[in-house]
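# Residue-level structural notes
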Amino acid sequence: MEIPVTAVEKKPLPTTMRTAEPPEELPLSDERYMKEALKQAKKAFAHGEVPIGAVVVYEDRIIGRGYNRRNTDKVALAHAEITAIKKAAKVMGDWRLEGCTIYITLEPCPMCAGAIVQSRIDRCVFACSSDKAGCAGSLINLLDMKEFNHRVEISSGILEEESRNLLQSFFKNLRSSQKES
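Residues numbered from 1 in each chain as written. Predicted model: local features only at pLDDT ≥ 70, side-chain atom pairs only at ≥ 80, totals over all residues. Heavy atoms only, no water.

## A look at the side chain of D30
Let me state the cut-off plainly: Working definition: helices are DSSP H or I runs of at least four residues, strands are E runs of at least two. Numbering for both runs from the N terminus. Counted as a polar contact is a pair of N or O atoms within 3.5 Å, where, for protein atoms, one must be capable of donating a hydrogen and the other of accepting one, and residues adjacent in sequence contribute only when both atoms are in side chains. The contact definition used throughout considers only heavy atoms, calling two residues in contact when any of these lie within 4.5 Å.
Along the chain, D30 falls in helix α2 (residues 30-46). A polar contact is formed between the side chain of D30 and the side chain of Y103, at a distance of 2.8 Å. Here D30 is in contact with Y103, R123, V125 and I158, once residues within four sequence places are set aside.

## Here's the deal with the pattern of salt bridges
As a reminder of what qualifies: We define a salt bridge as a contact between a side-chain nitrogen of Lys or Arg and a carboxyl oxygen of Asp or Glu at a distance within 4 Å.
This structure, assessed with the given rule, holds 10 salt bridges. The shortest N-O distance in the salt bridge between E147 and K146 comes to 3.6 Å. Here R164 ties to E160 by a salt bridge, and the two come within 2.8 Å at their closest N and O atoms. Note that R164 and E160 are positioned in helix α6 (residues 160-180) at a spacing of four residues, about one turn of the helix.

## Structural notes on the pairing of strand β3 (residues 100-106)
Quick reminder of the rule: Partly exposed describes any residue whose relative accessible area lies between the buried limit of under 20% and the exposed limit of over 50%, with all areas from a 1.4 Å probe on protein chains only and scaled to the type maximum. For two strands to count as paired, DSSP must find a minimum of two bridges between them. Crossover handedness is defined here as right-handed if the route from the first strand over the helix to the second strand goes clockwise, with the strands pointing away from the viewer.
Most of β3 sits inside the fold, with seven of its seven residues counted as buried. Judged from the five bridges that link them, strand β1 (residues 53-58) and β3 form a sheet pairing that is antiparallel. Across the sheet, residue V57 finds its bridge partner in β3, namely T101. Alignment of β3 against strand β4 (residues 123-128), held across five bridges, turns out to be parallel. Each residue of the ladder has a partner; that of L106, found in β4, is C128. At this point the chain moves from β3, through helix α5 (residues 110-118), to the parallel β4, and the crossover so formed is right-handed.

## Some remarks on α5
Within the span of α5, buried status applies to C112, A113, A115, I116 and V117. On its buried side, α5 packs onto α4 (80-92), β3 and β4. One or two steps after α5, the chain reaches R120, where phi turns positive at roughly 65°.

Right under this line is the structure:
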């Protein structure tokens, strides 16, 4: 039995967000927010982590940021998307992130794709595909399965080259340091 997807009213921006600084004057775009996700990925790189970053956007404001911290935290769950989703949920005061878009520098893995679906995020934008773990179309597409009661709109390829170069640079450096030791 297929469960119908129902429309949900858009939540008002939490009071704490209404008093925040006014939006920047830059035009709002996927590229702008992907640049913010790339800033997060560069933080991961600086910590010796695989450079993956994510931001969650609601009504043209970033409400959650995260970067990969698996090795730093020694926790398999410390992915960029999970951190960004947790922070966004705290800002929204709810686990449901309807009306939100998540921007990620690499296609989400099975765990993160599941978290995106479960948090009811409307849209997922990622920079480059992942042939090893991508679950937004590369290996499977968990974000658009008719069997689930929520589906996520997907866009990809935004700042793909910059994200791919960052990942390649990280792994090149990692291989070089492994050869030296």
